[in-house]
Amino acid sequence: MGVTCVCQVPLAEGKSVQQTIDILHKKLEQLGAVKQGNFTVDCETYHATGNASGQPTKLLYVMHNSETPLSCLALFEGGPCLTADGNFDVLMIKLKSHFQNAKGHKVESRGSRYRYCDFLIKVGAITMSSSARGISVEVEYCPCVVPGDCWNLMKEFMQSFLGPSIPELPSVFATKPEGLYVPADCVDTMTQYLELFSKVRKQQVLPGTTR
């Protein structure tokens, strides 16, 4: 796994979520990208219970990625995070006296994955409570694990199908010293999805739900 950027893409003028996704698919196929299946990333939110100290309740996010089907990621609000196996959801049920599932707060991005040369691209519809909330685009440059060595190339590629909507360097990279990306457990990628999901939770429902 290489350097990965996750961003939100605005809707095309006068278009729904699905219509904008179809436009992005067409642009990728015109470039020569080949569809290689589908993907899903989701996030469940849990509230810590039994807080007697009067401090604000901390949130725990449990995230799944179809690229790593045998594991999931648990991130506490403000850190730390841990990688666990797929049975972690069962454990959370047994810990319901300590962590309460925030009903209706599950967010997911689901869509198609494309391969173009050394790039892996995923275009997904973000939904919450079966309502469309936006579009996510994930771009991975597979041969490189150092963001500073490939960011300009990634920007140039993203511009070819996103136009002026290309993102800035993700904050997860900007806040760490120049060096290796952490690809082994997808923490940097999933952190970007968590930031995006937290943002879309506050947005209004958009036209063109995909369910």
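Here, the structure is the one placed above.
Calculation rules
- Residues numbered from 1 in each chain as written.
- Predicted model: local features only at pLDDT ≥ 70, side-chain atom pairs only at ≥ 80, totals over all residues.
- Heavy atoms only, no water.
- Helix = DSSP H or I, 4+ residues; strand = E, 2+ residues; numbered from the N terminus.
- Contact = heavy atoms within 4.5 Å.
- Areas by Shrake-Rupley, 256 points an atom, 1.4 Å probe, with all protein chains shown as cover.
- Salt bridge = Lys/Arg side-chain N within 4 Å of Asp/Glu carboxyl O.
- Buried < 20%, exposed > 50% of the residue type's maximum accessible area, 1.4 Å probe, protein only.
- Expected span 1.5 Å × (residues − 1).
- Core = buried A, V, L, I, M, F, W, Y, C linked by side-chain atoms within 4.5 Å.

*Asks:* Please clarify how the overall build of the protein should be interpreted in this entry.
*Replies:* In terms of helices and strands, the protein carries five helices and nine strands. Taken from the N to the C terminus, the helices and strands of the protein come in the order β-α-β-β-β-β-α-β-β-β-β-α-α-α. Residue pairs at least 24 apart in sequence account for 63% of intrachain contacts in the protein once pairs closer than 6 positions are excluded. By element, 54% of the accessible surface of the protein is carried by carbon and sulfur atoms, the whole surface being about 10700 Å².

*Asks:* I keep staring at the pattern of salt bridges and nothing clicks. Help me out?
*Replies:* When charged atoms on two side chains of opposite charge get close, those side chains can pair. Taken as a whole, this structure holds four salt bridges when the rule is applied. A salt bridge links R110 to E108, with the shortest nitrogen-to-oxygen separation between them at 3.2 Å. Taking the relative accessible area as the measure of exposure, R110 reaches 47% and is therefore partly exposed. The class of E108 is buried, set by a relative accessible area of 6%.

*Asks:* Which parts of the structure should I look at to understand helix α1 (residues 17-31)?
*Replies:* Every α-helical turn comprises 3.6 residues, leaving residues that sit three or four positions apart pointing alike. Spanning 15 residues, α1 covers 22 Å between terminal C-alpha atoms, matching the ideal 21 Å at 1.5 Å per step. Where the residues of α1 are buried, they touch β1 (3-9), β7 (107-116), β8 (119-128), β9 (131-141) and α3 (147-162). The first or second residue beyond α1 is G32, which carries a positive phi of 110 degrees.

*Asks:* Looking at this structure, how should I read the nonpolar core?
*Replies:* Soluble globular proteins tend to bury their nonpolar side chains together. Core analysis: the largest hydrophobic core is formed by 30 residues, its most contacted members being I121, V137, V139, M154 and F161. Broken down by secondary-structure element, the contributors of at least two residues to this core are β1, α1, β8, β9, α3 and α4 (171-174). Top element by residues in this core is α3. It accounts for seven residues. Excluding residues that lie within four positions of it along the chain, V137 makes contacts with C5, V6, C7, V9, L24, I121, K122, V123, F161 and L162. The next biggest cluster of nonpolar side chains, apart from the first, holds 20 residues, and it includes C43, L73, V107 and V187.

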